[in-house]
Amino acid sequence: MNYKNPSREACENIIRRILMTEVLENGSNCHFKTATDFLVYFESLYPPSDALTKQVQRAVKALNMPKDEKGYFIVNKTNEQFEQEKEISRLFAAAHVSIHPMEEIETVFLQADRHMRACLMHLLETSATFQNKFLTMVETSNGILIYTENKKQLLVLIESLM
């Protein structure tokens, strides 16, 4: 019997499928760190040989997959994407980023003269009275749009000052 070894591209596709299955079944890759970790799968399909081992090693090298902090391959990300995501994560932590889904956010629009908007926004941003009453403000063509999680409370406060 003459079995032909798979091409490097075929090996790459098989390795991707193995890793995707691993991630779908276990939530992450917790078995594959090196090219030799894939050999059991390839040797179940093809006769073991040095050529097969080299082909699997070439495929892993060509995939150029990043590794997590424990040394396991991360599928479907380039090293550049992985490094960029690590930097984004670091900056999120440094900036104390929090998520506020827009479904829970309400808006209040303050119509205001153009020449007074910047001053008004500055006073609202620095006011102890308005602290924690809104998430953000945006200057618009006709006024100021305020995003808040408690519209009623903000409206009562604004109306008390008008």
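A few points on the structure. (Residues numbered from 1 in each chain as written. Predicted model: local features only at pLDDT ≥ 70, side-chain atom pairs only at ≥ 80, totals over all residues. Heavy atoms only, no water.)

**Some details on the overall build of the chain**
Moving on, step 1. Within the chain, the secondary structure is distributed over six helices and three strands.
Moving on, step 2. The order of α-helices and β-strands along the chain, N terminus first, is α-α-α-α-β-α-β-β-α.
Moving on, step 3. Overall, the chain is about 90 × 30 × 25 Å in size when its C-alpha atoms are taken along their principal axes.
Moving on, step 4. Residue burial in the chain is summarised as follows: out of 162 residues, 30% are buried. (Helix = DSSP H or I, 4+ residues; strand = E, 2+ residues; numbered from the N terminus. Buried < 20%, exposed > 50% of the residue type's maximum accessible area, 1.4 Å probe, protein only.)

**Brief notes about the layout of surface pockets**
Moving on, step 1. In this structure, the largest pocket encloses a volume near 180 Å³.
Moving on, step 2. Taken together, Leu110, Gln111, Ala112, Leu120, Leu124, Phe130, Ile158, Leu161 and Met162 make up the lining of the largest pocket.
Moving on, step 3. Those elements that place two or more of their residues in the lining of the largest pocket are β1 (106-111) and α5 (114-126).
Moving on, step 4. Along the lines of polarity and charge, the residues of the lining of the largest pocket split into eight nonpolar, one polar and no charged. (1 Å grid on protein atoms, 1.4 Å probe; cavity = no way out; pocket = protein on both sides within 12 Å on 5 of 7 lines; lining within 4 Å. Points joined across faces, edges and corners; volume = space filled by probe spheres on them. Nonpolar A, V, L, I, M, F, W, Y, C, P; charged D, E, K, R; others polar.)

**Some words on the packing of aromatic side chains**
Moving on, step 1. Within this structure, the stated rule accounts for three aromatic pairs.
Moving on, step 2. Their ring planes at 10° and their centres at 4.6 Å tell us that Phe32 and Phe38 sit as a pair that is stacked. Here Phe32 matches Phe38 in class, with each residue buried.
Moving on, step 3. Among the aromatic side chains, those forming a connected cluster through ring pairs are Phe32, Phe38, Tyr41 and Phe73.
Moving on, step 4. Seen from the ring of Tyr72, Lys33 lies directly overhead, with NZ or CZ sitting 4.7 Å from the centre. (Phe/Tyr/Trp six-rings, centres within 6.5 Å; stacked < 30°, edge-to-face > 60°. Lys NZ or Arg CZ within 6 Å of the ring centre and 35° of its normal.)

**Focus: the packing of helix α1 (residues 8-26) against helix α3 (residues 50-63)**
Moving on, step 1. The geometry of α1 relative to α3 is characterised by a closest axis approach of 8 Å and an angle of 70° between their N-to-C directions. Overall, the two elements α1 and α3 adopt an arrangement that is roughly perpendicular. Relative to α3, α1 is oriented so that their crossing is right-handed. Residues Arg8, Cys11, Glu12, Ile15 and Arg16 of α1 lie in contact with α3, whose contacting residues are Gln55, Val56, Arg58, Ala59, Val60, Ala62 and Leu63.
Moving on, step 2. Across the contact of α1 with α3, the residue classes break down as seven nonpolar, one polar and four charged. (Axes fitted to C-alpha atoms, helices over the stretch in contact; angles between N-to-C directions. Parallel < 35°, antiparallel > 145°, perpendicular 65-115°, else oblique. Left-handed = near helix turned anticlockwise from the far one by under 90°. Contact = heavy atoms within 4.5 Å.)

**Structural notes on the sheet that holds β1**
Moving on, step 1. Pairing is antiparallel in the open sheet, where three strands are placed in the order β1-β3-β2. Edge positions in the open sheet fall to β1 and β2 (136-139), since each of these has one partner strand only. Looking at each pair of strands side by side, their axes are set apart by 20° on average, direction ignored.
Moving on, step 2. For β1 and strand β3 (residues 143-148), the ladder comprises six bridges, and the chain directions are antiparallel. The partner of Phe109 across the bridge, within β3, is Leu145.
Moving on, step 3. Sitting on the sheet, α5 touches β1, β2 and β3, and the angle it makes with β2 is about 170°. (Pairing = 2+ DSSP bridges.)

**What to know about the side chain of Glu22**
Moving on, step 1. Secondary-structure assignment places Glu22 in helix α1.
Moving on, step 2. Beyond its immediate sequence surroundings of up to four residues, Glu22 is in contact with Gly27, Ser28, Asn29, Cys30, His31 and Phe32.

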